[in-house]
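The residues making up each chain are set out below.
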Amino acid sequence: MASGLRRLSVLDWIRFGLLAAGLVFVATGLLPAETARESVGRIAPLLLFLGAVIVLAELTKEARVFDVIATRIAIVGQGSYASLFLLCAAFASLVTIFLNLDTTAVLLTPVMLALAPRAKIAPLPMVMTTVWLANTASLLLPVSNLTNLLAMNRVALTTQEFAARMWAPQLVSIAVTMAFLWVFFWRRGERGEDRYEPPPPVPVPDRVLFGVSGVACLLFIAAILAGVEIGVAALVAAVAVVAAFAWRDRAKLVWGLIPWRLLVFVTGLFLVVPTLSRLGLADVMRALVGVGGDGDGAYRAAAAGAALSNVVNNLPAYVAGEQVIPAANHTQLLSLLAGTNLGPVITPWGSLATLLWFEWCRRGNVRVPLAKFVATGAGLAVTGLAATVTVLVLTG
């Protein structure tokens, strides 16, 4: 027991602390039991998705699907780091836009982790591309981010109208993100090499597992695009891959596949945040956001959304901000959305995508220097939000 406790990281202690605090709030009545049940009930499909999709991605990695994709990207890049950077950034942006930022964190991060050694480049630039663009490229479509679905319904826009309103801010946010990625992680002084040698194709040890895993991922993506509930889609895909591994390689099916750290954190989060809302969080958000619909109000909403996202996670931050913004203030509401989508790149718990990304980095033994992560993320959040909200206001 003592050795197990010593293996817990600082983030693990934060996760358990949040859950413990939430349970204390329920036990003492600060959070009514009925409210707690409703909150946990809302996130039950999300917990199902988190658990199933990480199992799916982990076993897909074991089947070498990500290795094959990573090698193909490196071959197409033909030894040029500039080309490799553009390919990785485009891939991350497209996956985020069309398949949701959490899917990007789960399915694309292993690709980058597999690509790094094959391109003989440090893994940090690759995975930073994933985590930043998972957040900052999630503005264009309602499916790109759960917060987008909430915002689209609030401002009564169709998918096409939402995309027409957000395409220019999305382009700006991606451009700023790519500039920060190149300067702080991809340029010659950071990566350490001039060129890389494109690797040979990767052999596939078990074509059955490779085929089942690849098809399961494609069906998972297709199900999401078809509107199937995300937890159900992830569970069906994960069960199919688990069944294939039970038949072909049962030794890979271990309890460590289950992301218990994330499940603990998310459960605690959705007990603590409703309690804070009852204790005055709504009043704080109202004071931070203000009442103006455009101009100053838009920038204040974006800043408040970004700040709160990096404290309590972006989904509850958006909900807290939405409650105090008048329904007619469309630009202010979309600015809040920008803040909760682009802003959560400073703390590890800013968004579920970032949490999923940290889980993969831990599994891949990639050391993420937290000081640099926070400092560069803060610079990206401030610069990216200022540019994005400016475009949002000007095109409103």
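Residues numbered from 1 in each chain as written. Predicted model: local features only at pLDDT ≥ 70, side-chain atom pairs only at ≥ 80, totals over all residues. Heavy atoms only, no water.

The protein chain carries the name Arsenic transporter in an unreviewed UniProt entry, which gives Microbispora triticiradicis as its organism. Under Subcellular location (unreviewed entry), UniProt gives the following word-for-word description of the protein chain: "Cell membrane". (UniProt positions renumbered as here; feature names shortened; annotations may be inferred.)

Engineer: It is not clear to me how the packing of aromatic side chains should be interpreted in this structure. Could you clarify?
Structural biologist: By convention here, two paired aromatic rings are described through the distance between centres and the angle between planes. Using the criterion set out here, one finds eight aromatic pairs in the structure. Where Tyr 81 meets Tyr 196, the ring centres are 5.4 Å apart and the plane angle is 65°; that geometry is what we call edge-to-face. Residue Tyr 81 is found in helix H5 (residues 81-99), and its partner Tyr 196 is found in the loop between helix H10 (188-191) and helix H11 (207-225); the two are separated by 115 residues along the sequence. Given the relative accessible area of 3%, Tyr 196 is considered buried. Consider the rings of Trp 132 and Phe 185, whose centres lie 5.5 Å apart with planes at 80°: the pair is edge-to-face. With a gap of 53 residues between them, Trp 132 in helix H7 (residues 123-136) and Phe 185 in helix H9 (residues 159-186) connect regions that are remote in the sequence. Each member of the pair, Trp 132 as well as Phe 185, carries the same accessibility label: buried. Each member of the aromatic cluster is reached from another via a ring pair, and the members are Phe 85, Trp 182 and Trp 186. It is Arg 248 that lies over the ring of Trp 247; its NZ or CZ is 5.1 Å from the centre. (Phe/Tyr/Trp six-rings, centres within 6.5 Å; stacked < 30°, edge-to-face > 60°. Helix = DSSP H or I, 4+ residues; strand = E, 2+ residues; numbered from the N terminus. Buried < 20%, exposed > 50% of the residue type's maximum accessible area, 1.4 Å probe, protein only. Lys NZ or Arg CZ within 6 Å of the ring centre and 35° of its normal.)

Engineer: What exactly am I supposed to notice about unusual backbone geometry here?
Structural biologist: If a residue is not glycine, its phi is most likely negative; likewise, a peptide bond is most likely trans. A positive phi is found at Ala 156, a non-glycine position, where the angle reads about 55°. Locating Ala 156 in the fold gives a position in the loop between helix H8 (146-155) and H9. With a relative accessible area of 64%, Ala 156 lands in the exposed category. Positive phi, close to 55°, is recorded for Asn 365, a residue that is not glycine. Inspection of the secondary structure puts Asn 365 in the loop between helix H17 (352-363) and helix H18 (370-394).

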